[in-house]
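Listed below are the residues making up each chain.
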Amino acid sequence: MVNEYEIKKQICDIGRRIYNRNMVAANDGNISVKLNDNEFLCTPTGVSKGFMTPEFICKVDGKGNVIQANPGFKPSSEIKMHMRVYEKRPDVGSVVHAHPIYATSFAIAGIPLTQPIMPEAVIALGCVPIAKYGTPSTMEIPDNLEKYLPYFDAVLLENHGALTWSTDLNAAYMKMESVEFYAQLLYQSKLLGGHSVGLIRGASGIDARLSDAAERLIQPTESGAHQVPARLPDATRAFTRGF
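About the thresholds
Residues numbered from 1 in each chain as written. Predicted model: local features only at pLDDT ≥ 70, side-chain atom pairs only at ≥ 80, totals over all residues. Heavy atoms only, no water. Helix = DSSP H or I, 4+ residues; strand = E, 2+ residues; numbered from the N terminus. Buried < 20%, exposed > 50% of the residue type's maximum accessible area, 1.4 Å probe, protein only. Contact = heavy atoms within 4.5 Å. Axes fitted to C-alpha atoms, helices over the stretch in contact; angles between N-to-C directions. Parallel < 35°, antiparallel > 145°, perpendicular 65-115°, else oblique. Left-handed = near helix turned anticlockwise from the far one by under 90°. Pairing = 2+ DSSP bridges. Right-handed = clockwise from strand over helix to strand, strands pointing away. Core = buried A, V, L, I, M, F, W, Y, C linked by side-chain atoms within 4.5 Å. Polar contact = N/O pair within 3.5 Å; in protein donor to acceptor, adjacent residues only side chain to side chain. Nonpolar A, V, L, I, M, F, W, Y, C, P; charged D, E, K, R; others polar. Patch = residues over 30% accessible without salt bridge, like charges linked within 9 Å, V, L, I, M, F, W, Y side chains within 5 Å. Areas by Shrake-Rupley, 256 points an atom, 1.4 Å probe, with all protein chains shown as cover. Salt bridge = Lys/Arg side-chain N within 4 Å of Asp/Glu carboxyl O.

Q: Can you break down the overall build of the protein residue by residue, with the values?
A: For the protein, the count of helices and strands is nine helices and eight strands. Each of the 243 residues in the protein was classed as buried or not, and the buried ones make up 48%. The contacts of the protein with a sequence gap of at least 6 include a subset with a gap of at least 24, amounting to 64%.

Shown next as structure tokens:
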């Protein structure tokens, strides 16, 4: 079993990755890792994620209360949304929040990432909906995020960025990479005139009913908000969570 200090070093490494890939600026972003049901490591507030060392990392309980933090450091003010993910998804071992440029641009424009543009995006990621805007550091964000948690492993946060989660830290980070790559491909393909869903279906062997279900998955209401059905069909669930 990996010891706590090694996990802190891994968090610092992922922080450098998201910083070096321009997924965050200045002191943006936050990362957390589950140690057990009531102990979590997380990045501190007010520091660049590209220049952390293990002593920066804080430990909190399941409510986000500080268990241990070195002088001068305190947990991210956005730990609340991380805790909601862990509460509703006991299979999750890590959560990553960042502001990748293309994905955040889609979040600002109010456009969810739901188009199956290439098989790798479908298999690794599935659909990425948009959670309604919430004031940072408040309960609005976790409350608006909650309805998506059973069905997705990545969500865009309206006017805020992206949030990904998975079984471990590396997998959660890889989902963030995939979200940004998917968003960049979708953006650039639109500049070239769009993409061919028919080609993707034919090349990947994705069943037409699955693609159609994905395209209908997140439909805006009259108010413009996107809703998730109470229970997804099995095929669509496979699309949203990966095969």
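Q: Account for helix α2 (residues 79-88), with residues named and values stated.
A: Where burial is concerned, most of α2 is hidden: seven out of the 10 residues are buried. Where α2 is concerned, the buried positions are I79, M81, H82, M83, R84, V85 and Y86.

Q: Got a sec to walk through the packing of helix α3 (residues 101-109) against helix α6 (residues 169-191)? Specific residues and values, please.
A: Interaxial distance between α3 and α6 falls to 7 Å at its minimum, and their mutual angle equals 70°. Compared by their axis directions, α3 and α6 come out roughly perpendicular. In this structure, α3 crosses over α6, and the sense of that crossing is left-handed. Residues I101, Y102, A103 and F106 of α3 form the contact with α6, whose participating residues are V179, E180, A183, Q184, L186, Y187 and Q188.

Q: So what's going on with the sheet that holds strand β4 (residues 66-68)? Residues and values would help.
A: Here eight strands make up an open sheet; going across it, the order is β4-β3-β2-β1-β5-β8-β7-β6 and the pairing mixed. Taken across any chain shown, the strands that pair with only one partner, and hence form the sheet edges, are β4 and β6 (130-131). With four bridges joining them, strand β7 (residues 154-157) and strand β8 (residues 161-166) adopt antiparallel strand pairing. What sits directly across from L156, in β8, is A162. Packing of α3 onto the sheet brings it into contact with β6, β7 and β8, and relative to β7 it is tilted by some 60°. Contacting β1 (30-36), β5 (94-98), β7 and β8, α6 crosses the sheet at an angle of about 140° to β8.

Q: Would you mind going over the pairing of β7 in detail, with residue names and values included?
A: In the case of a regular strand, side chains alternate between the two sheet surfaces. In β7, alternate side chains face the same way, and those of A154 and L156 on one face and V155 and L157 on the other are all buried. Alignment of β6 against β7, held across two bridges, turns out to be parallel. If you follow I130 over to β7, its bridge partner there is L156. Of the crossover connections in this fold, the one passing from β6 over helix α5 (residues 140-145) to the parallel β7 is right-handed. Remark: three residues form the turn of the hairpin made by β7 and β8, two consecutive strands paired antiparallel; N159 in that turn has positive phi of roughly 55°.

Q: I'd like a description of the environment of T135, backed by residues and values.
A: Counting through the fold element by element, T135 comes out in the loop between β6 and α5. The class of T135 is partly exposed, set by a relative accessible area of 35%. Between the C-alpha atoms of T135 and N159, which are 24 residues apart in sequence, the distance is 10.0 Å.

Q: So what about the nonpolar core? Which residues, and what values?
A: Core analysis: the biggest nonpolar cluster contains 36 residues, and I11, L113, L156 and V179 have the highest contact counts within it. Residue assignment for this core shows that the elements contributing at least two residues are α1 (4-20), β1, β5, α3, β7 and α6. For this core, the element with the most residues is α6, which contributes eight residues. Counting residues in each nonpolar core, the second largest holds 23 residues, with V60, Y151, V155 and L163 among its members.

Q: Run through the side chain of H97, naming residues and quoting values.
A: Here H97 is to be found in strand β5. Within the structure, H97 has its side chain in polar contact with the side chain of H99 (distance 3.2 Å).

Q: Outline the packing of α1 against α6, listing residues and values.
A: Two measures define how a pair of helices packs: the angle their axes make with one another and the distance between the axes. Following both chains from N to C, one finds α1 and α6 inclined at 10°, their axes separated by 11 Å at the closest point. Taken together, the axis directions place α1 and α6 in an arrangement best described as roughly parallel. Together, Q10, I11, I14, R17 and I18 of α1 and L169, N170, Y173 and M174 of α6 make up the contact between the two elements. Looking at the contact of α1 with α6, its residues break down into six nonpolar, two polar and one charged.

Q: Tell me about a nonpolar patch on the surface, and please be specific about residues and values.
A: Taken together, the side chains of Y187, L191 and L192 present a nonpolar region at the surface, about 380 Å² in accessible area. Assignment of secondary structure puts L191 in helix α6.

Q: Before we move on, can you summarise the pattern of salt bridges with the specific residues and values?
A: All chains considered together, the criterion is met by 14 salt bridges. A salt bridge links E177 to R21; its shortest N-O distance comes to 3.6 Å. Residue E177 is found in helix α6, and its partner R21 is found in the loop between α1 and β1; the two are separated by 156 residues along the sequence. Taken together, the shared-partner salt bridges connect R84, E87, K88, D143 and E146 into one network.

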